[in-house]
Amino acid sequence: MAADAMTTGDLLQFHRLSTAGALALARGDGDGAVVAELLGAERSRRLLLMRALDNALPRDDDPADDTRVSYAQAWALLERAQRRAPEAFEDILMSPNTGMWVSLAVRRVRGRVYEDAPRWVVVGHLAALAAAAGTRAGLDFSITVPVRRGLVPLPTLGCAVLPDPHPWTTARVTGRAGRLRITGARGAVVEVAPGWVRRGPGWLPVRRLTLGSGADAKSLVLEELDPYRTFPRPSEPRLLSTAEAATWESMLADAWKVLLRDDPVSADAMRQGLMSVAPTPPRERFRPHSSTAGDAFGGLTASRPDDVPQLAATLVHEFQHTKLGGLMHLGPLTEQAPDPPPPAWLHYAPWRDDPRPLGGLLQGIYAFLGVTRFWRAHRHTADPSYAPLAHFEFAMWRTQVWSVLNEVRGHEQLTPLGRWVLDGLSERCAEWMTDEVPAAQLRLAHEVAGDHLTRWRAHHLRPPAAAVEEAVRDWRRGSARPPAALAAEPALVPDTEARHLDSAAVLARYRLSDPDGTWRHTVAGSVDGVEASDVLLIRGHREEARAAYAARLSGKGAPVAAWAGLGRSLSGDPSHEPAARLLLGFPERARAVQDALIAATGRGADPVRLATWLGQDAAP
């Protein structure tokens, strides 16, 4: 079988990065040569996972196993394909979907369940890999493979569709001279002509693209079919309409041109290591969603982007995760966090609603450093009407990344490798901190960055309960100052209801991309987390926004984010300096005392007066 066909060198080879490659990755860079080094290590990892799976599987004659496919036949066919067509075998082995599947399969045989499919369906996907490899190698073969709700995925080739009502069953795949015949348990047959690229009755081929041409060409799969294209668990195929597919192909082609021009090092790395993009359902404007998994090197999922630069930034973002994931497979950057991590192990992440463990925070730092690098260049080549938004994106992400780097650099939970990488990233980001940004966009970026932190603190930090009770008593009796105990270090208490902490950034993007657009009258209530007071604030109507925030915060059920908005609406007004300082720096105090007042008396205090009182002794 293929797992046994590996040489001792394959199994025992140690992978080390070149000095140049390690230095490049430590600064957030890395071209195609570095990615090739990471792919070499990833190949060995995949082979070891295949061996681990083989070692864990029962023999075919084991009566205790509900085996409906023959593992021995699958291994044997893979071995034949590897000998006949090594390039095709490698393509299948290194597919992101194969990496995701084999890691989940190994976990499944060890008792961890990530999907509702029976174990034999998950592990039996090995036979589908073998059938695909045998087909691409031009072998004659016949093998039984799993059927998932009437679908027969054949990795890197496509998917057969059978009229089978059962969720989990089998089909027979027969290959003869490159021609495929898939026969279902109920007798249905799908015939696939050699080449496998033409859509036909019962057959959906993989959609392959070529971006650019000549030396700039990049091959890519627009992945709709393979169940293991999504993370962290499989999903059913999501077929694109003709119009959707055309949009994706056009935008990817244009994004590739942008990357070649504005971030050629990333483009060179992606030419080597980016293999597939799996489209996911559209999201709200300015809130695209994308993801990668360390087990699926070279693959990413992404919702349809709003525009080409956003897509280019998404590709950079996710491939940064891929590079760091490859590095982390060679050596850990942090100590292993408990599962689940206690609050003491969690940190503020400017790109998330929730507190993050250090390992996850490093992934975000690495990804958004790449995003910052992209916007740093693109703002100078963008269309003039788009340049203000590009300047804002650069300034905001530069600010966010730099703040977190300074927070965790030298952290005790970092390994020596982790400290070295963070030092390199800090050195790189420091080079960008003096770059000129137009004053309006710079000011807005700083305001938005501060808004996110303020909202995060209001949601996730809690002052000492005894100090809050004392503050309520002092307020009600008319004391001149709040209790000093309220300034003690707050506790981190993750708020699982925290959502849409990026609302200020979303509104800033609306304003910068279309200053006089209809969004000013339509986004409140239609964009998650955005209220009329937020729109008033981004439009510059501070007094009206202040009144709206204060009205909301005077009663029950006020959104936590309103404390941040009230603080921003008060900032810059000398008469409200103590209140603004308190709300922008320590909103959790105002929230906690107001909530306690409402609980004790049934009504809240005037939020501006309360914040002014609480802010008398608040440090800047």
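Residues numbered from 1 in each chain as written. Predicted model: local features only at pLDDT ≥ 70, side-chain atom pairs only at ≥ 80, totals over all residues. Heavy atoms only, no water.

Observations concerning the sheet that holds strand β10 (residues 276-280)
In spatial order, the strands read β8-β9-β10-β12-β11; together these five strands make up an open sheet with mixed pairing. The sheet terminates laterally at β8 (207-211) and β11 (290-291), the two strands that pair on one side only. The strands that helix α9 (residues 242-262) touches are β8, β9 (218-222), β10 and β12 (299-303); relative to β8, the one it contacts most, it runs at about 30°. (Pairing = 2+ DSSP bridges. Helix = DSSP H or I, 4+ residues; strand = E, 2+ residues; numbered from the N terminus. Contact = heavy atoms within 4.5 Å. Axes fitted to C-alpha atoms, helices over the stretch in contact; angles between N-to-C directions.)

Focus: the packing of aromatic side chains
Scanning the model with the defined rule gives eight aromatic pairs in all. Here the aromatic rings of F286 and Y510 are separated by 5.0 Å at their centres, their planes lie at 85°, and the arrangement is edge-to-face. Of the two residues, F286 sits in the loop between β10 and β11 while Y510 sits in helix α17 (residues 503-513), which places them 224 residues apart along the sequence. Y510 shares its class with F286; the two are buried. Ring centres 5.3 Å apart and planes at 65° place the aromatic pair W475 and W613 in the edge-to-face group. Of this pair, W475 sits in helix α16 (residues 465-477) while W613 sits in helix α24 (residues 607-614), and the two are 138 residues apart along the sequence. W613 shares its class with W475; the two are buried. Joined through ring pairs, the aromatic side chains of F286, Y510 and W519 make up one cluster. (Phe/Tyr/Trp six-rings, centres within 6.5 Å; stacked < 30°, edge-to-face > 60°. Buried < 20%, exposed > 50% of the residue type's maximum accessible area, 1.4 Å probe, protein only.)

Here's the deal with unusual backbone geometry
Between F231 and P232 the backbone carries a cis peptide bond, its omega angle lying at 0°. For P232, the position within the fold is in the loop between β9 and α9. Along the chain, D339 connects to P340 via a cis peptide bond; the corresponding omega equals 0°. Secondary-structure assignment places P340 in the loop between α11 (308-330) and β13 (346-347). In the Ramachandran plot, R149 falls in the positive-phi region, its phi being about 55° despite a non-glycine side chain.

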